[in-house]
Amino acid sequence: MPTTRHIAIDMGAESGRVILGTIEGGRIALEVIHRFPSVNALAEGHLRWDLQRIFGEICTGLELVGKRGVAVASIGVDTWGVDYGLVADGSLVEGAICYRDGRTADEVERVHAKVGGAEAIFARTGVASLVFNTSFQLAAHQRQRPESLARAQGMLFIPDLIHHWLGGEAVNEWSIAGTAQLCRAGRPEWDAQLIATLGLPPHLFGRIVKPGTRTGQLKPELAARFGFAVPPAIVVPASHDTAAAVGASPGDPNTTIYLSSGTWSLLGCVADLPLTSPEALKAGWGNETSADGRTRINRNIMGLWLLQETRRAFEAQGKNYSYQQMADMAAAKPASAVALDVNDARFLAATGGGAAPMPERVAAWCRERGHAAPADDAALVRFIVDGLAATYG
């Protein structure tokens, strides 16, 4: 069998990686070529992703691969869900707003009033109403910034946008579109009636393609810049990072429960059909698209975000702990007597967006319930880890 090489651009809400995958004799070897932060900051009144800087880091990684002088068959991108860029002639109309921005705080009730409530939108889309869903983001965008929606020719989710900037067609990949709460449950199609009910411009919603679709090839000028003699194809993977992670997991997907834990933790299983009943919604489950087109029935848990923000607070105090050091600190502490509710809404916002540092938010949660706050850094990390473990359980 011939040796083939492929580039995976894997982006989480904390950091991204350009990975070179080599397939030889049925074996796959992965090498991280370049790692970089996923940068966001307050700009023009909102917490926004610095996508130009992120794309620059991606280009750095691709150039490092190109310097090796090896042939690359394809490039594909996965990222976190729900966030989007509004584009006109391939360029952003405005900076992409981060899902942790506070603009959707009152939008859930407004949308529910239009569509007949949480059960109605869940029955249509299979997606539970979380304050950061694309549906609520776009509804807030329409209400607060209608001029940018009017200028936009289309909406691309973050991996769709990067694929397009690299040379792919401007399309929406199914697994990432499925996070929006605007698709028909279990189908690669937009819910046109729901979109109309919300008053969103229908032309923003492009063609939905399935994972594995070739949408173009690396732009000639980029191929020359990076040193690729033959431009790699742009082939969209399961572009939602959780769909990609679960799709790559070992074991029988019919009998395996997964816990995909990064900035968010997703716990669930793969099923043939979505669950859209009121009982499923009440029990806390939602539906997302699997890499093979089936359904991932899972629930969102706040995840390692609490540790990421805690580490950021430590760094602001001049204490530069690594994650390994934090884990070792926590392991030396006794188990927590109280289980932290890691899904408390106060923990969602970003410190960079104006929220209090995470240790202060955790201490406030404790005070409100009459518990002593963690006494030191190690106890705080242990308290968060124990809270996550209890929620996973």
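Below you will find a few notes about this structure.

Cut-offs and rules
- Residues numbered from 1 in each chain as written.
- Predicted model: local features only at pLDDT ≥ 70, side-chain atom pairs only at ≥ 80, totals over all residues.
- Heavy atoms only, no water.
- Helix = DSSP H or I, 4+ residues; strand = E, 2+ residues; numbered from the N terminus.
- Rg over C-alpha atoms; globule rule 2.2 N^0.38 Å.
- Buried < 20%, exposed > 50% of the residue type's maximum accessible area, 1.4 Å probe, protein only.
- Areas by Shrake-Rupley, 256 points an atom, 1.4 Å probe, with all protein chains shown as cover.
- Lys, Arg positive; Asp, Glu negative; His and termini not counted.
- Charge placed at Lys NZ, Arg CZ, Asp CG, Glu CD.
- Pairing = 2+ DSSP bridges.
- Contact = heavy atoms within 4.5 Å.
- Axes fitted to C-alpha atoms, helices over the stretch in contact; angles between N-to-C directions.
- Parallel < 35°, antiparallel > 145°, perpendicular 65-115°, else oblique.
- 1 Å grid on protein atoms, 1.4 Å probe; cavity = no way out; pocket = protein on both sides within 12 Å on 5 of 7 lines; lining within 4 Å.
- Points joined across faces, edges and corners; volume = space filled by probe spheres on them.
- Nonpolar A, V, L, I, M, F, W, Y, C, P; charged D, E, K, R; others polar.
- Expected span 1.5 Å × (residues − 1).
- Polar contact = N/O pair within 3.5 Å; in protein donor to acceptor, adjacent residues only side chain to side chain.
- Core = buried A, V, L, I, M, F, W, Y, C linked by side-chain atoms within 4.5 Å.

## Thoughts on the overall build of the protein
For step 1, the next point in the chain: Helix and strand content of the protein: 15 helices and 17 strands.
For step 2, the next point in the chain: Over its C-alpha atoms the protein spans a radius of gyration of 21 Å, differing by no more than 12% from the 21 Å that the globule rule assigns to 393 residues.
For step 3, the next point in the chain: In terms of its C-alpha atoms, the protein occupies a principal-axis envelope of roughly 65 × 50 × 45 Å.
For step 4, the next point in the chain: Put simply, the protein has 393 residues, and 51% of those count as buried.
For step 5, the next point in the chain: On the protein, roughly 16,900 Å² of surface is accessible, and the fraction owed to carbon and sulfur atoms is 54%.
For step 6, the next point in the chain: A distance of 1 Å separates the average location of the 36 positive side-chain charges in the protein from that of its 40 negative side-chain charges.

## So, the environment of Pro334
For step 1, the next point in the chain: Among the secondary structure elements, Pro334 is positioned in the loop between helix 13 (323-331) and helix 14 (358-368).
For step 2, the next point in the chain: Through-space distance from the C-alpha of Pro334 to that of Val39 is 35 Å; in sequence the pair is 295 residues apart.

## Some points on the sheet that holds strand 7 (residues 84-88)
For step 1, the next point in the chain: Ordered by their spatial adjacency, three strands build an open sheet running 8-7-9, and the pairing between neighbours is antiparallel. Strand pairing shows two members of the sheet lacking a second neighbour, strand 8 (91-92) and strand 9 (154-157), which therefore form its edges.
For step 2, the next point in the chain: Two elements, strand 7 and strand 9, share four bridges in a ladder whose sense is antiparallel. By the bridge assignment for strand 9, Gly85 is matched with Leu156.
For step 3, the next point in the chain: Across the sheet, helix 4 (residues 134-144) is in contact with strand 7 and strand 9; its angle to strand 7 comes to roughly 50°.

## Digging into the packing of helix 2 (residues 107-115) against helix 3 (residues 118-125)
Packed helices, taken two at a time, are described by the angle between their axes plus the distance between the axes.
For step 1, the next point in the chain: Where helix 2 meets helix 3, the axes come as close as 8 Å, and the angle between the chain directions of the two elements is 75°. Judged by the angle between their axes, helix 2 and helix 3 are roughly perpendicular. Contacts from Val111, His112 and Val115 of helix 2 reach helix 3 at Ala118, Ala120 and Ile121.

## Details of the layout of surface pockets
In this approach, a probe sized like a water molecule rolls over the atoms, and the result shows the empty space that is left.
For step 1, the next point in the chain: Here the second largest pocket defines a volume of roughly 340 Å³.
For step 2, the next point in the chain: Surrounding the second largest pocket, 21 residues form its lining, Ala13, Glu14, Ser38, Glu309 and Arg312 being those nearest its centre.
For step 3, the next point in the chain: Looking at the lining of the second largest pocket, the elements with two or more residues in it are strand 5 (46-49) and helix 12 (305-316).
For step 4, the next point in the chain: Take the lining of the second largest pocket: its biggest share by element is six residues, from helix 12.
For step 5, the next point in the chain: For the lining of the second largest pocket, a count of residues per class yields ten nonpolar, five polar and six charged.

## Quick look at the packing of helix 2 against helix 4
For step 1, the next point in the chain: One way to put it is that helix 2 packs onto helix 4 with a least axis distance of 9 Å and a crossing angle of 95°. Overall, the two elements helix 2 and helix 4 adopt an arrangement that is roughly perpendicular. Residue-level contacts link Glu107, Val108, Arg110, Val111 and His112 of helix 2 to Phe136, Ala139, Ala140 and Arg143 of helix 4.

## Some words on helix 15 (residues 377-392)
For step 1, the next point in the chain: The end-to-end C-alpha separation of helix 15 is 23 Å, in line with the 22 Å expected for 16 residues at 1.5 Å each.
For step 2, the next point in the chain: Looking at helix 15, one finds that the buried residues are Asp377, Ala378, Ala379, Leu380, Val381, Arg382, Phe383, Ile384, Asp386, Gly387 and Leu388.
For step 3, the next point in the chain: Taking the backbone nitrogen of Ala378 as reference, a side-chain oxygen 3.3 Å away marks Asp376 as the first, capping residue of helix 15.

## Quick notes on the nonpolar core
For step 1, the next point in the chain: In terms of nonpolar packing, the biggest core is built from 71 residues, with Ile7, Ile9, Leu51, Leu62, Tyr99 and Leu166 touching the most fellow members.
For step 2, the next point in the chain: The biggest single contributor to this core is helix 1 (residues 51-66), with seven residues.
For step 3, the next point in the chain: In this structure, Leu51 is in contact with Leu92, Ala96, Ile158, Leu161 and Trp165, ignoring residues within four places of it in sequence.

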